[in-house]
Amino acid sequence: MAGTRDTTEWRDGRVIRAGAGTCRVATGDVVYLCRLRGRLKKGRQQTQTVVVAGDEVRVRPLPPEAEAAGPAAVVEEVRPRRNSIVRRAARRTGGHRAQVLMANLDQLVIVQSVAEPPPQGSLVDRLLVGATSQDVAPVICLNKIDLAPDVASDPRWDYYADTLGVTVVQTSAETGAGMDALAEILRDQVSLLLGASGVGKSSLLNVIEPGLGLRTGEVTGKTGLGRHTTTHTELFPLTGGGFIADSPGLRGFDVWEVAPESLRECFPDLADAAWDCRFRSCLHRDEPDCGVKAAVARGELPAWRHEAYLDILRDLEDRQREVQGY
Ligand SMILES: Nc1nc2c(ncn2[C@@H]2O[C@H](COP(=O)(O)OP(=O)(O)OP(=O)(O)O)[C@@H](O)[C@H]2O)c(=O)[nH]1
Ligand SMILES: [Mg+2]
Ligand SMILES: [Zn+2]
């Protein structure tokens, strides 16, 4: 009989969906319904995210009769995370905690719609920081271009592409425009789709993988907001190779794991102008002789990028004060 010490039966897998105390793990083409080994829960209790979608784990399959509902297993080990997308979330008991949205990804696809709901520039800038601070390649997907082609030609999108080198793809899940390009970007990669509710994340996946049949929801006519149709982050294997994760609509994204003085590194477009700052430690805010502020004043750097930086900097400082308790 295979005891818990006998590891020859253990298999490597990837968490495709995480719930409270249970998760689904894909190993090859078998998906196991898993519970977590007790000691794992204890060790990571503080983060409240013992496993998340994308985690690489080792599971011990249970005998078939143990679970009538299908293949079952126990998660014995969670491998260290290569990277993760983390945001600041409210703690029920007050204060904040880190919420890991997904682990071990190759790219983060930031989904925006040109209308219904309209683009949210600040969310893009925040998600770019969340991705680049973790060495996750960002992609911007501008969806619903069938609704407002003029919004898609906003110079902001060119700035992301030309100055920051971010891959920007324009799509319509409705007409199919740009869908081949998106499928090509996703092929053989582990990707996460993030964006506000109603921008069309699930609709895009239904076009990319027609078999999925994910639920989608109408955008409310009155408010122009989505209805938070998707409620779980879940990874799906792509027919052409790779995995893609659908996720619930974001209401916002507060960066968590970046020190205020390191935020500069996530804004490479400010770096050239920063050579002219009087102080090497300049945060480009109140300091005298700031090269970044001067470049904005001369129109060489867009003011909206500097503002995005200052906005996130303020949040990170608030967070640091909270953590340090003053
Ligand atoms: N015109 C148009 N409508 C689209 C497009 N993509 C999605 N929609 C519509 O937008 C609405 C919301 O789409 P969903 O796919 O549910 O959006 P979501 O981002 O998954 O939303 P949540 O799951 O709530 O986060 C649906 O009514 C879709 O039919 C598009 O490219 N063009
Ligand atoms: Mg959805
Ligand atoms: Zn400066």
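Residues numbered from 1 in each chain as written. Chains lettered and ligands numbered in written order. Predicted model: local features only at pLDDT ≥ 70, side-chain atom pairs only at ≥ 80, totals over all residues. Heavy atoms only, no water.

**What to know about empty space enclosed by the protein**
The rolling of a water-molecule-sized probe over the atoms marks out the regions of remaining empty space.
And then number 1: Summed over all chains, the structure comprises one cavity of 30 Å³ or more.
And then number 2: In terms of lining residues, the largest cavity is bounded by Ser84, Ile85, Val86, Gly130, Ser133, Gln134, Val255, Trp256, Glu257 and Val258.
And then number 3: Ranked by residues supplied to the lining of the largest cavity, first place goes to strand β6 (residues 84-90) with three residues.
And then number 4: Grouping the constituent residues of the lining of the largest cavity by class yields five nonpolar, four polar and one charged. (1 Å grid on protein atoms, 1.4 Å probe; cavity = no way out; pocket = protein on both sides within 12 Å on 5 of 7 lines; lining within 4 Å. Points joined across faces, edges and corners; volume = space filled by probe spheres on them. Helix = DSSP H or I, 4+ residues; strand = E, 2+ residues; numbered from the N terminus. Nonpolar A, V, L, I, M, F, W, Y, C, P; charged D, E, K, R; others polar.)

**Notes on the layout of surface pockets**
And then number 1: Its volume calculated, the second largest pocket comes out at about 550 Å³.
And then number 2: In this structure, the second largest pocket is lined by 26 residues; those nearest its centre are Lys144, Gly198, Gly200, Ser203 and Gly217.
And then number 3: Of all the elements, helix α6 (residues 201-208) adds the most residues to the lining of the second largest pocket, at three residues.
And then number 4: Taken together, the residues of the lining of the second largest pocket break down into four nonpolar, 13 polar and nine charged.

**Points about the coordination of the magnesium ion (ligand 2)**
And then number 1: Around the magnesium ion (ligand 2), the protein contributes the donor atoms Ser202 (OG) and Thr230 (OG1), at 2.0 to 2.1 Å from the metal centre. Remark: threonine 230 occurs in the loop between α6 and β12 (234-237) and serine 202 occurs in helix α6; sequence separation between them is 28 residues. With respect to burial, serine 202 and threonine 230 carry one shared label: buried. (Donors = N, O, S within 2.8 Å, 3.2 Å for Na, K, Ca; no water. Buried < 20%, exposed > 50% of the residue type's maximum accessible area, 1.4 Å probe, protein only.)

**Considerations on the pattern of salt bridges**
And then number 1: Taken as a whole and judged by the stated rule, the model has 21 salt bridges.
And then number 2: The shortest N-O distance in the salt bridge between aspartate 12 and arginine 79 comes to 2.9 Å. Highlighted residues: aspartate 12 in strand β1 (residues 11-18) and arginine 79 in the loop between β5 (72-78) and β6, separated in sequence by 67 residues.
And then number 3: The exposure class of aspartate 12 is partly exposed, given its relative accessible area of 48%.
And then number 4: One continuous salt-bridge network, built from bridges that share partners, spans Arg88, Arg126, Asp254 and Asp315. (Salt bridge = Lys/Arg side-chain N within 4 Å of Asp/Glu carboxyl O.)

**Some remarks on the nonpolar core**
And then number 1: Counting residues in each nonpolar core, the largest one holds 57 residues, and the members touching the most others are Ile85, Leu108, Leu263 and Phe267.
And then number 2: A per-element tally of this core places helix α2 (residues 121-132) first, with six residues.
And then number 3: Residues contacting isoleucine 85, with those up to four places away along its chain left out, are Gln99, Val100, Leu101, Met102, Leu105, Leu108, Gly130, Ala131, Val136, Leu192, Leu194 and Phe253.
And then number 4: Judged by nonpolar contacts, the second largest core, of 19 residues, contains Val111, Met179, Ile185 and Leu238. (Core = buried A, V, L, I, M, F, W, Y, C linked by side-chain atoms within 4.5 Å. Contact = heavy atoms within 4.5 Å.)

**Quick look at the coordination of the zinc ion (ligand 3)**
And then number 1: Within the protein, the atoms that donate to the zinc ion (ligand 3) are Cys277 (SG), Cys282 (SG), His284 (ND1) and Cys290 (SG), at distances of 2.2 to 2.4 Å.
And then number 2: Geometry at the zinc ion (ligand 3) is tetrahedral, judged from the four donor atoms that bind it and their angles of 101 to 114 degrees at the metal.
And then number 3: Mapping the donors of the zinc ion (ligand 3) onto the primary sequence yields the spacing C-x4-C-x1-H-x5-C. For the pair shown, cysteine 282 and histidine 284 are each scored as buried. (Tetrahedral: all angles 85-135°; square planar, octahedral: opposite > 155°, others 65-115°.)

**What about the sheet that holds strand β11 (residues 190-194)?**
And then number 1: The strand order across the open sheet formed by six strands is β10-β9-β8-β11-β13-β12, and the pairing between neighbours is mixed. A single partner strand is all that each edge strand has here, and the edge strands are β10 (167-170) and β12. Across the sheet, the mean angle from the axis of one strand to that of its neighbour is 25 degrees, orientation sign disregarded.
And then number 2: For β12 and strand β13 (residues 243-246), the ladder comprises four bridges, and the chain directions are antiparallel. Counterpart to leucine 235 in the pairing with β13 is alanine 245.
And then number 3: Contacting β8 (107-113), β9 (137-143) and β11, α2 crosses the sheet at an angle of about 175 degrees to β8. (Pairing = 2+ DSSP bridges. Axes fitted to C-alpha atoms, helices over the stretch in contact; angles between N-to-C directions.)

**Comments concerning the domain arrangement of the protein**
A common way to report how large an interface is uses the accessible area buried once the components associate.
And then number 1: Each assigned domain of the protein is listed here: domain 1 (11-78), domain 2 (84-246) and domain 3 (260-324).
And then number 2: Between domain 1 and domain 3, the C-alpha centre-to-centre distance is 42 Å. (Domains from an automatic or database assignment.)

**Overview of the packing of α2 against helix α4 (residues 155-163)**
And then number 1: At their nearest, the axes of α2 and α4 sit 12 Å apart, and the two run at 10 degrees to each other. The angle between α2 and α4 places the two elements in the roughly parallel class. Where α2 abuts α4, its residues Gly121, Val124, Asp125 and Leu128 lie against Arg156, Trp157 and Tyr160.
And then number 2: Across the contact of α2 with α4, the residue classes break down as four nonpolar, one polar and two charged. (Parallel < 35°, antiparallel > 145°, perpendicular 65-115°, else oblique.)

**Brief notes about the site of ligand 1**
And then number 1: Lining the immediate surroundings of ligand 1 are 23 residues, of which Asp146, Ala173, Ser197, Ser203 and Thr230 lie closest.
And then number 2: In this structure, serine 197 approaches ligand 1 through a side-chain N or O atom, which is 2.6 Å from an oxygen atom.
And then number 3: At 2.9 Å, a backbone N or O of glycine 217 approaches an oxygen atom of ligand 1.
And then number 4: Considering ligand 1 on its own, with 660 Å² of exposed area, one finds that the protein chains cover 90% of that surface.
And then number 5: Given that more than half its atoms are within 2 Å of the pocket grid, ligand 1 belongs to the second largest pocket.
And then number 6: Counted by class, the shell around ligand 1 contains five nonpolar, 13 polar and five charged residues. (Near = heavy atom within 4 Å. Polar contact = N/O pair within 3.5 Å; in protein donor to acceptor, adjacent residues only side chain to side chain. Areas by Shrake-Rupley, 256 points an atom, 1.4 Å probe, with all protein chains shown as cover. Sits in = over half its atoms within 2 Å of the grid points.)

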